[in-house]
Amino acid sequence: MDTGQSNQDLKAILEAKLQPFVQHVVASFGLAGLAIGIVKSGELVYTQGFGVRNLDTQEPVTPRSLFLLSSVSKPFVATAIVQLVEQGKMALDAPIVTYLPYFRLKDPRYKDITVQQMLSHVSGMPADPVDYHWYAPEDDEEALERYVRSLANEELLAAPGERYAYSSVAFEVLGDVIAKVSGQTFEAYVKAHLLDPLEMHDSTFLRREVSPDLAVTPHFGAPLMVLAGAYPYHRAHAASGTLHSSVQEMGQWAIANLNRGRFKGKQILQPESYNLLWQPYVRTDEEDWEEAVGLGWFFGPYRGRRVIYHDGDDPGFVSNVVLVPEEDAAVVVLTNSRPAPIGSITYAALDVLLGVEPQVPKPPITVPVGATLAAVGPEAAIEEYQRLQMTQPDRYDAHPFHFLEATSGAIEVHRADAVMPLLKLWVTLQPDASQAYEMLGWAYIVHGEEEVAADNLRRALALDPENEHAGKLLQQLSR
């Protein structure tokens, strides 16, 4: 990167190179809305909204539009914990039961789990709930403690400290730790000690506080659609994923972190505390930006630079926040569509920052095939799929992942009916895809058709015996 380049020059380059790139991707992928923010040298140099907040109302996305950021919430949890450590109210190496005497699991080794192990995903805790109950949300102050107490019959996946295993469940427990140690609700503590000092006044972990004038709507399926009332929020899961924010305000969060806790004269953490947050505690089996994990943050290389990163993914929403301290730069990308090529857009933003030509991603085959299915019907959609595979095999990406992304969110919010035609089409088009039968089985569970569900889940496991989610769902049916 040219260090003599002014931020005004950089903004002009981003408008000339990145903006048309994102416009093309939004159109070719059929996305509803997207927002992007880019920080350089302590300044939010570029913010832009693309598309709409809601396909039905056609309200435009702006830099202030509030998206659900899902697991991007986790670095906020880690920062809050380290604040409490700085205040002498807790210790990273202390067992969780020190602060939550009622925390317990079926496995007696739970007593050995420390705060740091949970923050670094080496606690052995279960990864995610099988069912987040998005369709039956709770919003009272006791929801988080109730959830923590409900874990008493859960098993550990491994001994505490033994190996890396990403766990959203662990962060729910950490949210309850923050509440009990601080004497405030989790949401109130984070607002008072992180959001307000960083002037993130629109941002909130409570859905009821999201301004209707700024809120975006999640979109599901292929083609994307609005499902009335469907939204991935449940207060018990606040610490792992209910932050609502904008690229404008997440830019302020990025600036504070790149400045090692300082923002407009306020200090949310002591600079030396970032040595704790950003220390690699364990290497993972992942690639790219998740090669190692610190406290609530992941690390990896990109074009010779160290990247500090977290993403988020829930039904209808995907998000990315990437810090590049060596360049004093950050990229925030938020979307209210799933599937969405948010990684490709983030790469493109970094490449423009670094003076590299960005690579345009191939849109998924679910875009034209889903549109044909909705407009004409399954037989025409099959013909369209076959035609595209035969005549334009390199134009669209036909990986099963895209069908998975287009169907799983609606099932998770218990609106499987909305994607049932696409699920049935998927198993016809890709009969060897284990995930197709997994998703179809899950959809039939939601419909209450347990025998048909079990048949499809067994088919999924026959195709891939290591399909863990299919195994869990089948086990759930057999209880």
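Look a little higher up for the structure.
Residues numbered from 1 in each chain as written. Predicted model: local features only at pLDDT ≥ 70, side-chain atom pairs only at ≥ 80, totals over all residues. Heavy atoms only, no water.

Caption draft 1: Layout of the nonpolar core. Membership of the largest hydrophobic core comes to 83 residues, with the highest contact counts inside it found for I81, I96, F103, M125 and M250. Tallying contributions element by element places helix α5 (residues 168-182) first for this core, with 8 residues. Leave out the neighbours within four places in its chain, and I96 touches F103, I113, T114, V115, M118, V173, L174 and V177. Grouped together as the second largest cluster of nonpolar side chains are 44 residues, V413, Y444, A454 and L473 included. (Core = buried A, V, L, I, M, F, W, Y, C linked by side-chain atoms within 4.5 Å. Buried < 20%, exposed > 50% of the residue type's maximum accessible area, 1.4 Å probe, protein only. Helix = DSSP H or I, 4+ residues; strand = E, 2+ residues; numbered from the N terminus. Contact = heavy atoms within 4.5 Å.)

Caption draft 2: Fine view of helix α8 (residues 247-258). Counted at 1.5 Å a residue, the expected span for α8 with its 12 residues is 16 Å, and the 16 Å between its end C-alpha atoms agrees. Burial within α8 is extensive, with 11 of its 12 residues counted as buried. Of all the positions in α8, only V247, E249, M250, G251, Q252, W253, A254, I255, A256, N257 and L258 are classed as buried. Residue R260 follows α8 closely and has a positive phi angle near 55 degrees. (Expected span 1.5 Å × (residues − 1).)

Caption draft 3: Layout of α5. The end-to-end C-alpha separation of α5 is 21 Å, in line with the 21 Å expected for 15 residues at 1.5 Å each. Across the 15 residues of α5, 14 count as buried, placing the element largely inside the fold. Directly after α5, the chain includes G183, whose backbone phi takes a positive value near 80 degrees.

Caption draft 4: Examining the layout of surface pockets more closely. Looking at the second largest pocket, its volume works out to about 780 Å³. In terms of lining residues, the second largest pocket is bounded by 28 residues, among which D128, P129, V130, D131 and E154 are the most central. If you list the elements that add at least two residues to the lining of the second largest pocket, you get α4 (143-149) and α17 (468-478). Class assignment of the residues belonging to the lining of the second largest pocket gives a composition of 13 nonpolar, 7 polar and 8 charged. (1 Å grid on protein atoms, 1.4 Å probe; cavity = no way out; pocket = protein on both sides within 12 Å on 5 of 7 lines; lining within 4 Å. Points joined across faces, edges and corners; volume = space filled by probe spheres on them. Nonpolar A, V, L, I, M, F, W, Y, C, P; charged D, E, K, R; others polar.)

Caption draft 5: How the structure looks around the sheet that holds strand β7 (residues 282-283). Strand order in this open sheet of 8 strands is β2-β1-β12-β11-β10-β9-β8-β7, and the pairing throughout is antiparallel. On the outer flanks of this sheet lie β2 (43-51) and β7, each paired with one strand and no other. Pairing of strand β10 (residues 305-314) with strand β11 (residues 317-324), which is carried by 7 bridges, proceeds in the antiparallel orientation. By the bridge assignment, H310 is partnered in β11 with V321. (Pairing = 2+ DSSP bridges.)

Caption draft 6: Region of the structure containing the environment of W253. By secondary structure assignment, the location of W253 is in helix α8. The spacing of W253 and M200 is 53 residues in sequence and 8.1 Å in space, taken between C-alpha atoms. If we ignore the near neighbours within four places in the chain, the residues touching W253 are P75, F76, T79, L198, M200, I268 and W297.

Caption draft 7: Examining the side chain of R305 more closely. Structurally, R305 is set in strand β10. When its relative accessible area of 18% is taken as the criterion, R305 is described as buried. Side-chain polar atoms of R305 contact the side chain of E327, separated by 2.9 Å. (Polar contact = N/O pair within 3.5 Å; in protein donor to acceptor, adjacent residues only side chain to side chain.)

Caption draft 8: Representation of the pairing of strand β12 (residues 329-335) in the model. Extensive coverage of β12 is indicated by the burial of 7 of its 7 residues. Where burial is concerned, the two faces of β12 agree: the one with A329, V331, V333 and T335 and the one with A330, V332 and L334 are both buried. As paired strands, strand β1 (residues 33-40) and β12 are joined by 7 bridges and run antiparallel to one another. The residue of β12 that forms the bridge with I38 is V331.

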